[in-house]
Amino acid sequence: MSQVEVSANVGSIVALVREVKPDVLFTNEIDVNSRRSAYVDMVQAILDGTEHLNYAAYFQTWASRY
């Protein structure tokens, strides 16, 4: 994806989180420093876009052999 596409997708996530205002947010397929997401830190982008989520934990669960 391009940086514009990633920003649009993260913007949609942020809009939903702002609407729902969850106490805890669990996500899947959120990238940090990944080529497939144009090296956008999606976790930080979600935190920056919401007022009520202040902390995050990121756990990488997929490791490529190549």
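Refer to the structure above for everything that follows.
Attention here is on the structure that accompanies the text.

Conventions used here
- Residues numbered from 1 in each chain as written.
- Predicted model: local features only at pLDDT ≥ 70, side-chain atom pairs only at ≥ 80, totals over all residues.
- Heavy atoms only, no water.
- Helix = DSSP H or I, 4+ residues; strand = E, 2+ residues; numbered from the N terminus.
- Contact = heavy atoms within 4.5 Å.
- Areas by Shrake-Rupley, 256 points an atom, 1.4 Å probe, with all protein chains shown as cover.
- Lys, Arg positive; Asp, Glu negative; His and termini not counted.
- Charge placed at Lys NZ, Arg CZ, Asp CG, Glu CD.
- Axes fitted to C-alpha atoms, helices over the stretch in contact; angles between N-to-C directions.
- Parallel < 35°, antiparallel > 145°, perpendicular 65-115°, else oblique.
- Left-handed = near helix turned anticlockwise from the far one by under 90°.
- Nonpolar A, V, L, I, M, F, W, Y, C, P; charged D, E, K, R; others polar.
- Core = buried A, V, L, I, M, F, W, Y, C linked by side-chain atoms within 4.5 Å.
- Buried < 20%, exposed > 50% of the residue type's maximum accessible area, 1.4 Å probe, protein only.
- Expected span 1.5 Å × (residues − 1).
- Polar contact = N/O pair within 3.5 Å; in protein donor to acceptor, adjacent residues only side chain to side chain.

To continue, consider the overall build of the protein. Counting its regular elements, the protein contains two helices and zero strands. If you line up the protein on its principal axes, its C-alpha atoms span 40 × 25 × 15 Å. Here the contacts in the protein between residues at least 6 apart in sequence split such that 56% fall between residues at least 24 apart. By element, 52% of the accessible surface of the protein is carried by carbon and sulfur atoms, the whole surface being about 5,500 Å². Computing the positive centroid from 5 side-chain charges and the negative centroid from 8, the protein places the two 7 Å apart.

With that settled, consider the packing of helix 1 (residues 3–20) against helix 2 (residues 42–49). Helix packing for two helices is described by the angle between their axes and how far apart those axes are. Between helix 1 and helix 2, whose axes approach to 9 Å, the crossing angle comes to 45°. In terms of their interaxial angle, helix 1 and helix 2 are classed as oblique. As for how helix 1 packs across helix 2, the hand of that crossing is right-handed. Within the contact between the two elements, helix 1 uses Val-6, Val-10, Ile-13, Val-14 and Arg-18 and helix 2 uses Met-42, Ala-45, Ile-46 and Gly-49. When the residues that make up the contact of helix 1 with helix 2 are grouped by side-chain class, the tally is seven nonpolar, one polar and one charged.

Before going further, it helps to spend a moment on the nonpolar core. Grouped burial of nonpolar side chains is what soluble globular proteins tend to show. Ranked by size, the top nonpolar core spans eleven residues in total: Val-6, Val-10, Val-14, Val-17, Ile-30, Val-40, Met-42, Val-43, Ile-46, Leu-47 and Leu-53. For this core, the secondary structure elements donating two or more residues are helix 1 and helix 2.

Turning next to helix 1. Between its first and last C-alpha atoms helix 1 spans 26 Å; for 18 residues at 1.5 Å apiece the expected length is 26 Å, and the two agree. Packed against the buried residues of helix 1 are helix 2. Once helix 1 ends, the next one or two residues include Lys-21, with phi positive near 55°.

The next thing to look at is helix 2. If you check which residues of helix 2 are buried, you get Met-42, Val-43, Ile-46, Leu-47 and Gly-49. Looking at the buried side of helix 2, the elements it contacts are helix 1. If you check the start of helix 2, you find a side-chain oxygen 3.3 Å away from the backbone N of Val-43, and it comes from Asp-41.

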